[in-house]
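Structural characterization, general
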Amino acid sequence: MGFLSYSLRYYREKIEQYETEPLTPAAVYEAKQLLKMLDDLLDEGYTALNQQMEETFSGVTRLKRLLTAWGQAPFPLPAVRRPEGEYGAPQELTAYLKGLRKSPGQCGQPSRSPFLGELERFCAWIGYRDDTAYVFLLRDTLLPFLYYQAAGRENLYPWLIGRKFVDSLSSAPHLDDHIRAVFFEALESGMEQEQEFLDYSRREIKKRIRQFPAVEKALRQLLEPVAAPKILVIESGCYGTFPMLLCSLDERADFRMFTTVPFLLPVYGARIYSGAYEKNRLFETFCCHDQLFRFHSFTGSRFYVEEHLNPEILTKSRQEICGMLAPNHPKPQGLCWGTKEQSRPPKRRLLWLF
């Protein structure tokens with residue numbers, strides 16, 4: 001039971017359904033998303049699913065043939081150039097983020113990426129409550145974190161929790177795969193109802209993380225000082241591995257993600273902003289998310305990062321941040337307020353950072 005076995009069965013059943021049932025716009029869209037998932041895995045260097053699908057039931061060929069017959073082109077992959085050059089000396093994360101805000105340089109022309117507006121709507125959808133702490137899982141949520149910060153919001157926690165973080169504290173490589181396997185075990189066991197799936201996942205992840213005491217200790221060191229009655233973990237997507245890991249360790253925690261893979265939409269429900277899985281890479285491949293800095297270490301409950309020294313990367317990242325926060329950029333109505341007691345306007349802040 002696991003990612004490969006579940007995915008192979010899922011793809012086989014979906015392709016057979018597309019080949020035998022009447023064509024609908026929803027089926028065409030879903031098929032394009034499923035091919036995009038395969039393309040994303042290849043782009044990230046994971047070839048096993050594509051290879052086994054093709055070897056066992058010609059799955060990739062059949063899926064592409066269907067799209068061609070329907071006159072559809074695959075969703076494109078974002079053009080990302082991997083960073084060249086060196087990284088600077090390690091810096092403590094909160095100090096580094098303050099440095100971003102105090103940088104005296106100018107960003108030049110702010111980014112006009114249309115996806116910045118989507119990020120603003122994502123922030124408006126998340127909202128804000130005074131009784132809630134907001135944990136932003138960097139690097140992919142740097143822009144939403146800075147957006148909340150610039151709006152004068154409090155109880156914000158930027159945490160650099162990802163594969164490098166858990167691997168640095170564990171003797172087992174790719175610990176996140178070990179955690180994520182819980183989701184596929186639940187799905188293969190027929191747990192497709194939201195509460196059943198979430199309860200099982202929290203319980204099993206908690207058991208598994210106990211096998212890695214250094215990781216559990218580090219996460220509890222982060223969670224325990226958070227005084228708010230509720231914790232909301234913010235992530236781009238798409239499986240929810242690290243949000244669910246935090247939820248398994250603290251009953252106060254819940255999460256919101258931009259998107260997820262199609263087969264997790266029913267079990268994550270209202271925690272997901274958009275079913276447009278194909279947009280997830282647009283979120284993750286902003287230069288400031290993908291290349292500006294990287295995890296270095298975690299020591300004494302503090303994260304340390306290294307910033308890239310490539311001037312082109314620094315400039316493009318600043319343009320993206322300025323584009324998100326520029327004062328003349330139209331903002332969606334209702335950012336961060338919902339109920340009456342949370343509807344006071346945000347504090348005034350200078351939004352230009354560079």
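Worth saying up front: this structure is predicted, and the values here are computed from it rather than measured.

For the protein, the count of helices and strands is 16 helices and 7 strands. Within the protein, buried positions represent 54% of all 354 residues. When the accessible surface of the protein is split by element, carbon and sulfur atoms take 51% of a total near 16400 Å².

With that settled, consider the side chain of Asn310. Topologically, Asn310 is positioned in the loop between strand S7 (302-307) and helix H16 (311-325). Owing to a relative accessible area of 15%, Asn310 belongs among the buried residues under this scheme. Of the polar contacts made by the side chain of Asn310, one reaches the backbone nitrogen of Glu312; its length is 2.8 Å. Non-local contacts of Asn310, meaning those with residues more than four positions away in its chain, are made with Glu84 and Glu86.

Following Leu138, the chain continues to Arg139 via a peptide bond in cis, the omega torsion being 20°. Checked against the element boundaries, Arg139 lands in the loop between strand S2 (132-137) and helix H7 (142-150). Cis geometry is found at the peptide bond from Gly237 to Cys238, where omega equals 10°. As for its placement among the helices and strands, Cys238 is situated in the loop between strand S4 (230-235) and helix H12 (241-249).

Turning next to the environment of Ala172. Its place among the elements puts Ala172 in the loop between helix H8 (163-169) and helix H9 (175-188). Spatially, the C-alpha atoms of Ala172 and Phe212 are 8.6 Å apart, while their sequence positions differ by 40 residues. Non-local contacts of Ala172, meaning those with residues more than four positions away in its chain, are made with Asp167 and Phe212.

On to the confidence of the model for the protein. If pLDDT is low for a region, its predicted coordinates should not be looked at in detail. Across the protein, pLDDT averages 88, with 89% of residues at or above 70. Across residues 332-354 the pLDDT falls below 50, and counting only partners more than four positions away or on other chains, this stretch makes 64 contacts in the model.

One can describe the packing of helix H2 (residues 25-43) onto helix H4 (residues 59-69) by two numbers: an axis separation of 10 Å at closest approach and a directional angle of 140°. Here H2 lies oblique to H4, going by the angle between them. Here H2 and H4 pass one another in a crossing that is left-handed. On H4, the residues that touch Val28, Ala31, Lys32, Leu34, Leu35 and Leu38 of H2 are Val60, Leu63, Lys64 and Leu67.

Time to look at the sheet that holds strand S1 (residues 91-92). Sheet architecture is open: 3 strands sit in the order S1-S7-S6, paired in antiparallel fashion. The strands lining the two open edges of the sheet, one partner per strand, are S1 and strand S6 (293-299). Relative to S7, S6 runs antiparallel, the two sharing 6 bridges. Across the sheet, residue Phe298 finds its bridge partner in S7, namely Phe303.

What follows concerns the pairing of S2. Extensive coverage of S2 is indicated by the burial of 6 of its 6 residues. The side-chain alternation of S2 yields two buried faces, one formed by Thr132, Tyr134 and Phe136 and the other by Ala133, Val135 and Leu137. When S2 meets S4, the two strands line up parallel, connected through 5 bridges. Its bridge partner lying in S4, Phe136 is registered against Ile234. Of the pairings in the sheet, the one linking S2 to strand S3 (residues 156-159) comprises 4 bridges and is parallel in character. Paired with Tyr134 across the strands is Leu156, a residue of S3. Chirality of the crossover, the property in question, places the unit of S2, H7 and S3 among those that are right-handed.

Calculation criteria
Residues numbered from 1 in each chain as written. Predicted model: local features only at pLDDT ≥ 70, side-chain atom pairs only at ≥ 80, totals over all residues. Heavy atoms only, no water. Helix = DSSP H or I, 4+ residues; strand = E, 2+ residues; numbered from the N terminus. Buried < 20%, exposed > 50% of the residue type's maximum accessible area, 1.4 Å probe, protein only. Areas by Shrake-Rupley, 256 points an atom, 1.4 Å probe, with all protein chains shown as cover. Polar contact = N/O pair within 3.5 Å; in protein donor to acceptor, adjacent residues only side chain to side chain. Contact = heavy atoms within 4.5 Å. pLDDT = per-residue confidence, 0-100. Axes fitted to C-alpha atoms, helices over the stretch in contact; angles between N-to-C directions. Parallel < 35°, antiparallel > 145°, perpendicular 65-115°, else oblique. Left-handed = near helix turned anticlockwise from the far one by under 90°. Pairing = 2+ DSSP bridges. Right-handed = clockwise from strand over helix to strand, strands pointing away.

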